[in-house]
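If you want the building blocks of each chain, they are given just below.
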2 protein chains.
Amino acid sequence: MPQLRIALAQTNPVVGDLTANADKLIEWAREASARGAHLVVFTEMFLTGYPVEDLVLRSSFVDASVAALTSAAERLQAEGLGDLPVVVGYVDRSGVAPRVGQPKGAPLDAAALLHRGHVVTRTAKHHLPNYGVFDEYRYFVRGDRMPIFRLHGVDVAIAVCEDLWQDGGPVLAAGQAGAGLLVVPNASPYEREKDDVRLALCASRAREAGCALAYANQVGGQDELIFDGDSIVVGADGELISRAAQFREELLVTDLDLPAADPEARPGSFPVDAGDGTTITVERLELSADPLPPYEPEPPVVAPRLDDLEEVYSALVLGVRDYVTKNGFHSVILGLSGGIDSALTATIAADAVGPDRVHVVLMPSRHSSEHSISDARDLVERQGVNSRLVPIEGIVDSFENEVDLHGLAAENLQARVRGMLLMGLSNEHGHLVLTTGNKSELATGYSTLYGDSAGGFAPIKDVLKTTVWALSRWRNSQAGHPSDLLHPFPTPPIPENSITKEPSAELRPGQRDTDSLPPYDVLDHLLSDYVERDMGKAGLVAAGHDPDLVARVIRLVDIAEYKRRQYPPGPKITPKNFGRDRRLPITNRWRETPGN
Amino acid sequence: MPQLRIALAQTNPVVGDLTANADKLIEWAREASARGAHLVVFTEMFLTGYPVEDLVLRSSFVDASVAALTSAAERLQAEGLGDLPVVVGYVDRSGVAPRVGQPKGAPLDAAALLHRGHVVTRTAKHHLPNYGVFDEYRYFVRGDRMPIFRLHGVDVAIAVCEDLWQDGGPVLAAGQAGAGLLVVPNASPYEREKDDVRLALCASRAREAGCALAYANQVGGQDELIFDGDSIVVGADGELISRAAQFREELLVTDLDLPAADPEARPGSFPVDAGDGTTITVERLELSADPLPPYEPEPPVVAPRLDDLEEVYSALVLGVRDYVTKNGFHSVILGLSGGIDSALTATIAADAVGPDRVHVVLMPSRHSSEHSISDARDLVERQGVNSRLVPIEGIVDSFENEVDLHGLAAENLQARVRGMLLMGLSNEHGHLVLTTGNKSELATGYSTLYGDSAGGFAPIKDVLKTTVWALSRWRNSQAGHPSDLLHPFPTPPIPENSITKEPSAELRPGQRDTDSLPPYDVLDHLLSDYVERDMGKAGLVAAGHDPDLVARVIRLVDIAEYKRRQYPPGPKITPKNFGRDRRLPITNRWRETPGN
C-alpha cells in the first residue's frame, strides 16, 4: 500500500490578525517539512482565525483574506516549501448574485490546497451550523464543491468541520469518489466530555466514507470559546491511530498506509447527489501519481487524555491567558475577599499570566469577618501576587450621607463601591478587571449588577459552586507538578480555610449564602438539569427534584436573565451557559485602519 | 363581483403572555364582528407575541401556544363569534424527526384559520429570515403548506410575513392557485422610512400574485424593536385601498370587491413548485361557496403619514412606554444634567408614562457649571416631574482619599458615582433607570462603562446627536398639540438653553465635546455612512469624507465595541445600530411557573 506522512497543525490563530497567522503558517509548514511530512493540514479559517462573525460581512476583510491566501502560497514557494502540499482554512466569497436575506458578499467558510506557489483548488463548508454557539447562516453561503487530489498515488479529499457532523454532503461524496484519506480542518470548541463524542464521530464517518480520516482542530481561547485541540487520525475501520494533546499547540505527525488510487479515475469534475437535496461537484486533481518508495514509518503518537477536572482547569487557564494576551493587556486586577470564588479566580489568573502580573485588592467593609483579611493575605503570601488594601467603609458612609438605602439596595452599594474601585484602578493602570462570580450565583441572580459583575472577563462564570470547590482541591493537589498551564507554586496555592469555610457574601451582619439559596449540592444538581440539560419543570420533578425548589429556582433563573446578559464573557465549559447562550465575540485584531 | 369586509387587527401583544393575548383576540374579534366584518386577520405569532426567541425551544411553551389556539377557537364559538373566520399567528411544531442542528422540537412560525369552534387549517412561514434583527434559522423549521379557503365565493390564501419579502414560495403558490385575496399576518419592525418600502413591496407582490393583498402588522415596543403598525390593503393592481395609522392600535376595516372563485376548483391538495428548489402543498378548503348579497360598502380609510421627526419621536415614546409597562415598572429615574441628551430623555419619558412617574436627580460636581443646575431646574418646572438634588463632591472625595486617580480614570469616577446613585435609588424605590447617552457618543466610545451607561433602558441610544437637537426642537413645536404619545404640556417642555448651549460632559474644568470629537454635523454624517450604510474605509473617502477623520472615527467605533455591548437596550430606529446589531430580547411574561 502507498505510504503518506501527514502533519496536522493544531495551532492557536488570532482572530483578524492575518499577518501573524500567515507567519505561523510558514513557520509550521517549515517544521512539518523538517519532519518529512508529505502533506500538512491547518485548521478551519486558520488564516483569519475562527470565529470572525460580523467581520466576514466587510468586503475589505474578505479581500484581505483572499489576498493572504495567494500570498501564503507564493511565500511557501519562495521559502523553499513549495513542494509540501498545504491544506488551510480561510474566508472566501461565492460568486452568487445578491438576494434579500443572503449574507452580504456571500462569504464562504473556505479551505484551499496550496502547492508550488499556487492555490491549486478551493472548497468551502457545505453544512452550516446554526445552533448553540454557531450562527453560520448569518455569515456564510453553502459550499457545493469537493476536491479530491492525488498525492503520491493516494486520493485525498477535503471536507470542513460541520460537514463531518451532518449526514450527506462531502463525507458521502468522498466515499463515492473513492478517497483513500479524508482531511478535515476544524474549529470545534471545547465542552466537558466532548473529546469522547469527537472520537466516536471521526470513527463513524471514516467507516461511512470507507477511508482514513485526519481531523485537525484549533486550540486556544477566543472570548467565551475555548478550542481544545485533540486532533485525531483514525483508519478506514474507525480505529484510533494517533491523537494530539488537549489545550496545547502541537504538530501531530502520522505515517499512514493508504489504499492506492484507482488509476482509471482521471482528473475532471462530476456531480454527486449529496443525499440532502443538493448536488456536490467532485473535482479530481493530480499532484503526483506514483507512490513513494517504501520508508520506515515513525510510531504513532497518542497523547494521554486529561481527567475531567484537569480538562476544565486547563480550559479556564487557557481562556484567561488568551483573552488577556489577544486583547493586548499585560496584567489583571481582581478583588480578593478571602472566599473561595476570588481565591480560585486569582489562582487561575496566576497560572495564566504569572503571579507577578496579578494584582489583588482587599476591600473590607464593616461587615467583613476577621478571616476575610487573614485568608486573603494567606493567598497573597502563597502565590506572591501584588496586593493592596482599600477599606470601603468611608466611601460607603459618604454615599449614605447623601441617600437613604436599606436592605438589598444597601448591600448592592457595597458591591458597587468595590466594582468602582477596581474599574478606577483598571483605568489608571491598564489592568484587565477579572470578575469572580460563579455560575450558581449568576444563574440565580445572586450578584450585583455593576458591582461584583463589573469587569472585562469572568473566568469562572460557567463553573458551578460545587465545581469551584472541586477545582480548588484539585489545583492544590498539583502543587509541585508544574506544567505549561500550572505555575510552579511549591505549596498548595489556595488557603485551606478558603475552601472549607461556609460561603458568605458578607454584605450584612451574619449573612450566609444559605439564607437566600438552597445548599449548593442541591442547587447545582438542579441548575445542571435545568440550564445545561434544558429540562422543563415537569421533567425536573420527574427526575426527583423537590417540586417547590424547582418552582423557586426556575423563577430565580428566568428572572436573572437581564443581569446575566450584562455579565462579561468567560470561558465556556458546558453545552449551555445560562438561559441564553449566544457567542458574541469581542476581541479581534483586524481593523479597517491597520497600524492604528 | 363578490364583496368581503375584512378587518385587520393591528394590535400590541405581550411576548409570552398567552392569556392576555388570547383575551385581546376575543375582544378584537367581537369588535370586528360588531363592525360587520366577514374575516378578521391578526398579526404574526399574535398569541405568543413576537419575537419570542429561545422560548420556542422549550417544549412546554410550544405546548402552551398550541393549547391557547385550540382554546381560542372554542372560546370564540362559546361567545357567539364562531361564524366570523379568524386568521391568527401562533407557534406550532412540525412533525419532522430531530437531527443535528435543527431547532429543538422543530418549531413553526405558524398561522391558523379558526371557524365555528375549530382550528380549520394551519400553515407556517416558508421563508425564514436570518439577517439584521432576525435569527429564525435558529428557532424555526420551514413551513411547506399554503391553505386557500373559499369564503363567500372568494378564494383567500394565507402567507406569513417574510414570505412576502422573498421571491418564490407562498406568493407564487397563491397566484398559481388563483387566489382572489392574500392575507398576510406580520411582525415587521420599524425603521426610518420603512413605510415607503413596505407599501411598494405589498403593491409589487399583489401584482405578482394577481390578487388583492391585506397586510396586518403588529404595533408596540419589545425591547429594542418597535413595531409601527401601518397595516395596508392593496388591490390586485397594486393600488393602495386602505392604510392604518402608525404607532397606534387600530382595527382597519375595508370593503373589497373581489373576483369570484373558480367553481371548478374543488377542495383538496396539490403540489406547486415553489420556484426556490422546494415544493409547497396547496390545500383548498371551503367555508362558504356563495357570494354575499350585495351591500353598501364603507368608504376606505387611509390614515395620514407622519413626517420623519414625528415618526422617530413616536417610536421612542412607544418604546419607553412598552418597556416600562411590559416589564412591570411603575416609574423611571434618570440623571438630569442640564444638557440636551438628558433633557430629551426626560421629555420622552414624561410623554411615555406621564411626568408624575418620572424622577430626575440633579448631581452636580465641582466641575458643573452654573447653568447645569438652572437649566435642569427649568425643565423640572416646565414638566412637573419629581426631582431631587444630590451633590457628588463629597462622595468623589471619599474615593480619592483611598485611591489616586488621574485623567480619564478621574473623569470616569464621577460618571460612575452618578450611575451608582441612580442604581441605589432604583433598588430602593423600584424605579427603572433610564440612561441618557446618544448614538454619536456611544458609537465613538464617549461614555463611561458602569457610569452614564448604567441602567435598564436607553431611550436615545440609536439617535445621533444632530437628531437629538432636531427632535427637541420638534417636540417644543408641538406644545399645545397633545396626542396619545405627547403629554399635554402647555408650553415647550425643553428649555431653549439646553438646546442651544455648547455640549460638554463637564467632567473636568472647561471641557467641551469638541475637545475629543469632531463637530457633530461632520461626525454624524460619517457615522451614518459607516455604521448605518455599512460603507468601508475606501467608500467613505470616495464619498467625500476627510481621510484622516475617517481613519480616526473608524478606529474609535471599532474599539468602542466592548462598551457598546454592555449598553442596555433602547428603541431601534435605523437599519443598523452599531457594529453589531443582534436583537436580544429581555422582556417576557412567560414563566415555567406561572403565577409566581
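You'll find chain A entered in an unreviewed UniProt entry as Glutamine-dependent NAD(+) synthetase, with Sphaerisporangium rubeum given as the organism. In its Pathway (unreviewed entry) section, the UniProt entry covering chain A states "Cofactor biosynthesis; NAD(+) biosynthesis; NAD(+) from deamido-NAD(+) (L-Gln route): step 1/1."

Participant: Help me understand the UniProt feature "active site" (unreviewed entry) in chain A in this model?
Facilitator: All names here are of chain A. The UniProt record marks Glu-44, Lys-125 and Cys-161 with the feature "active site" (unreviewed entry), using the residue numbering of this structure. The greatest C-alpha distance among the annotated residues, which extend across 118 residues, is 9.4 Å, indicating that they converge on a single site. Residue placement: Lys-125 occurs in the loop between strand 5 (118–124) and helix 3 (136–139). One polar contact links Lys-125 to Glu-44, side chain to side chain, over a distance of 2.7 Å. Looking at where Cys-161 falls in the secondary structure, it is placed in the loop between strand 7 (154–158) and helix 4 (170–176).

Participant: Looking at this structure, I do not really get the relation of the copies chain A and chain B. What am I missing?
Facilitator: Each of the two chain copies can be brought onto the other by rotation about an axis and movement along it. Expressed as a screw transformation, the operator carrying chain A onto chain B has a rotation angle of 180° and an axial translation of 0.0 Å, and the superposed copies differ by an RMSD of 0.0 Å. A rotation of that kind, with that shift, is consistent with a two-fold axis. In this assembly the copies share their binding face: 100% of the residues contributing to the interface of chain A also contribute to that of chain B.

Participant: Explain the pattern of salt bridges here, please?
Facilitator: Pairing is possible between side chains that carry opposite charge, provided their charged atoms lie close to one another. Residues and elements named next belong to chain A. Scanning the model with the defined rule gives 84 salt bridges over all chains in all. Across the pair Asp-230 and Arg-305 runs a salt bridge, and its minimum N-O distance is 2.7 Å. Linking Asp-230 in the loop between strand 11 (225–228) and strand 12 (232–234) with Arg-305 in the loop between strand 16 (279–286) and helix 6 (308–326), this pair joins segments that are 75 residues apart in sequence. Among the ionic contacts, a cluster of salt bridges with common partners joins Asp-195, Arg-198, Asp-228, Asp-230, Arg-243 and Arg-305.

Participant: Got a minute to help me understand the UniProt feature "binding site: L-glutamine" (unreviewed entry) in chain A in this structure?
Facilitator: Feature annotation in UniProt assigns "binding site: L-glutamine" (unreviewed entry) to the following positions: Tyr-131, Ser-188 and Lys-194 of chain A. Topologically, Tyr-131 of chain A is positioned in the loop between strand 5 and helix 3. The class for Tyr-131 of chain A is partly exposed, based on a relative accessible area of 25%. Filtering out sequence-adjacent residues up to four positions away, Tyr-131 of chain A remains in contact with Glu-162 and Gln-166 of chain A together with Val-100, Gly-101 and Arg-138 of chain B. A relative accessible area of 2% places Ser-188 of chain A in the buried class. Residues within four places of Ser-188 of chain A in sequence aside, it is in contact with Lys-194, Arg-198, Tyr-215, Asn-217, Phe-227 and Asp-228 of chain A. Separated by 3.2 Å, the side chains of Ser-188 of chain A and Arg-198 of chain A make a polar contact.

Participant: Explain the interface of chain A and chain B here, please?
Facilitator: Buried accessible area, meaning the area lost when the parts come together, often serves as the stated size of an interface. Contacts between the two partners involve 73 residues from chain A, matched on the other side by 74 residues from chain B. Interface area for chain A against chain B, summed over the two sides, is near 6,600 Å², with a carbon-plus-sulfur share of 53%. Interface area lost by chain A to chain B is led by Arg-138, Met-420 and Tyr-450 of chain A, which between them contribute 10%. Among the salt bridges present, the one from Asp-558 of chain A reaches Arg-58 of chain B, with a minimum N-O distance of 3.3 Å. Where chain A meets chain B, there are 17 residue pairs in polar contact (both at pLDDT 80 or more). Among the elements of the structure, helix 3, helix 9 (393–402), helix 10 (407–429), helix 16 (547–559) and helix 17 (561–565) of chain A are those that each provide at least two residues to the side of chain A that touches chain B. A total of 11 residues in the side of chain A that touches chain B trace back to one element, the largest contributor, which is helix 10 of chain A. Class assignment for the residues of the side of chain A that touches chain B results in 33 nonpolar, 18 polar and 22 charged.

Participant: What's the story with the nonpolar core in this structure? I'm lost.
Facilitator: Most often, soluble globular proteins have nonpolar side chains that are buried together. One finds Phe-399 of chain A together with Phe-399 and Val-417 of chain B to be the most contacted residues of the largest nonpolar core, which totals 176 residues. Dropping the residues within four chain positions of it, Phe-399 of chain B is found in contact with Ile-395, Phe-399, Val-417, Met-420 and Leu-421 of chain A together with Leu-413 and Val-417 of chain B.

Participant: What's the story with the sheet that holds strand 4 (residues 107–115) of chain A in this structure? I'm lost.
Facilitator: Sheets are built from strands that pair by backbone hydrogen bonding, the pairs being arranged parallel or antiparallel. All names here are of chain A. Strand order across the open sheet formed by six strands is 5-4-3-2-1-14, with mixed pairing between neighbours. Edge positions in the sheet fall to strand 5 and strand 14 (250–257), since each of these pairs with one other strand and no more. Going across the sheet, the axis of each strand differs from the next one's by a mean of 30°, ignoring polarity. Relative to strand 4, strand 3 (residues 86–93) runs antiparallel, the two sharing eight bridges. By the bridge assignment for strand 4, Arg-93 is matched with Pro-107. Across the face of the sheet, helix 1 (residues 18–34) comes into contact with strand 1 (3–10), strand 2 (39–41), strand 3 and strand 14 while running at roughly 40° to strand 14. Along the sheet, helix 2 (residues 59–78) makes contact with strand 3, strand 4 and strand 5, crossing strand 3 at roughly 155°.

Participant: Mind showing me how you'd approach unusual backbone geometry here?
Facilitator: Leave glycine aside and you will find that most residues have negative phi; peptide bonds, for their part, are mostly trans. Residues and elements named next belong to chain A. With omega at -5°, the peptide bond leading from Tyr-50 into Pro-51 counts as cis. Relative to the helices and strands, Pro-51 resides in the loop between strand 2 and helix 2. The phi torsion at Ala-106 lies on the positive side, around 50°, for a residue other than glycine. By the secondary structure assignment, Ala-106 is in the loop between strand 3 and strand 4.

Participant: Just checking my understanding: could you explain the confidence of the model for chain A for this structure?
Facilitator: In regions of low pLDDT, the predicted coordinates are not meant to be interpreted in detail. Residue and element names in this part refer to chain A. Overall, the prediction assigns chain A a mean pLDDT of 92, with 96% of residues at 70 or greater. This model gives residues 579–585 a pLDDT under 50, and the stretch forms 37 contacts once residues within four places in sequence are excluded. Here the predicted complex scores 0.94 on pTM and 0.93 on ipTM.

Participant: I would appreciate a short explanation of the packing of aromatic side chains in the present structure.
Facilitator: Aromatic ring pairs are reported here in terms of the distance separating the ring centres and the angle at which the planes meet. Residues and elements named next belong to chain B. Enumeration over the complete set of coordinates arrives at 17 aromatic pairs over all chains. A centroid spacing of 5.8 Å and a plane angle of 70° characterise the contact between Tyr-131 and Phe-134, whose relative ring orientation is edge-to-face. Both rings, one in Tyr-190 and one in Phe-247, keep their centres 5.2 Å apart while their planes meet at 75°; by these two values the pair is edge-to-face. Residue Tyr-190 is found in the loop between strand 8 (181–186) and helix 5 (194–209), and its partner Phe-247 is found in the loop between strand 13 (240–243) and strand 14 (250–257); the two are separated by 57 residues along the sequence. Per residue, the accessibility class of Tyr-190 equals that of Phe-247, and both read buried. Directly above the ring of Trp-469 sits Lys-465, whose terminal nitrogen or CZ lies 5.4 Å from the centroid.

Participant: Can you walk me through helix 2 (residues 59–78) of chain B in this structure?
Facilitator: Think of an α-helix as turning once every 3.6 residues; residues three or four places apart then point the same way. Residue and element names in this part refer to chain B. The terminal C-alpha atoms of helix 2, which comprises 20 residues, lie 28 Å apart, in line with the 28 Å expected from a rise of 1.5 Å per residue. Structurally, helix 2 contributes buried residues whose contacts are with helix 1 (18–34), strand 3 (86–93), strand 4 (107–115) and strand 5 (118–124). Phi turns positive one or two residues past the end of helix 2, at Gly-80, with a value near 80°.

Participant: In this structure, what is going on with the environment of Gly-424 of chain B? I would like to understand it.
Facilitator: Here Gly-424 of chain B shows up in helix 10 (residues 407–429). Leaving out residues up to four positions away in the same chain, Gly-424 of chain B has contacts with Leu-405, Ala-409 and Arg-416 of chain A.

Participant: Before we go on, may I ask you to explain the domain arrangement of chain A in this structure?
Facilitator: Residue and element names in this part refer to chain A. Parsing chain A into structural domains produces domain 1 (3–260 + 272–286) and domain 2 (308–565). Here the C-alpha centroids of domain 1 and domain 2 sit 38 Å apart. Across the domain 1 to domain 2 interface the summed buried area is about 1,300 Å²; carbon plus sulfur atoms make up 51%. Summed over the three residues of domain 1 that lose the most area to domain 2, namely Arg-192, Asp-223 and Phe-247, the buried surface amounts to 41% of that side.

Quick notes on the rules
Residues numbered from 1 in each chain as written. Chains lettered and ligands numbered in written order. Predicted model: local features only at pLDDT ≥ 70, side-chain atom pairs only at ≥ 80, totals over all residues. Heavy atoms only, no water. UniProt positions renumbered as here; feature names shortened; annotations may be inferred. Helix = DSSP H or I, 4+ residues; strand = E, 2+ residues; numbered from the N terminus. Polar contact = N/O pair within 3.5 Å; in protein donor to acceptor, adjacent residues only side chain to side chain. Least-squares fit on C-alpha atoms with pLDDT ≥ 70 in both. Contact = heavy atoms within 4.5 Å. Salt bridge = Lys/Arg side-chain N within 4 Å of Asp/Glu carboxyl O. Buried < 20%, exposed > 50% of the residue type's maximum accessible area, 1.4 Å probe, protein only. Buried area = accessible area lost by both parts, 1.4 Å probe. Nonpolar A, V, L, I, M, F, W, Y, C, P; charged D, E, K, R; others polar. Core = buried A, V, L, I, M, F, W, Y, C linked by side-chain atoms within 4.5 Å. Pairing = 2+ DSSP bridges. Axes fitted to C-alpha atoms, helices over the stretch in contact; angles between N-to-C directions. pLDDT = per-residue confidence, 0-100. Phe/Tyr/Trp six-rings, centres within 6.5 Å; stacked < 30°, edge-to-face > 60°. Lys NZ or Arg CZ within 6 Å of the ring centre and 35° of its normal. Expected span 1.5 Å × (residues − 1). Domains from an automatic or database assignment.

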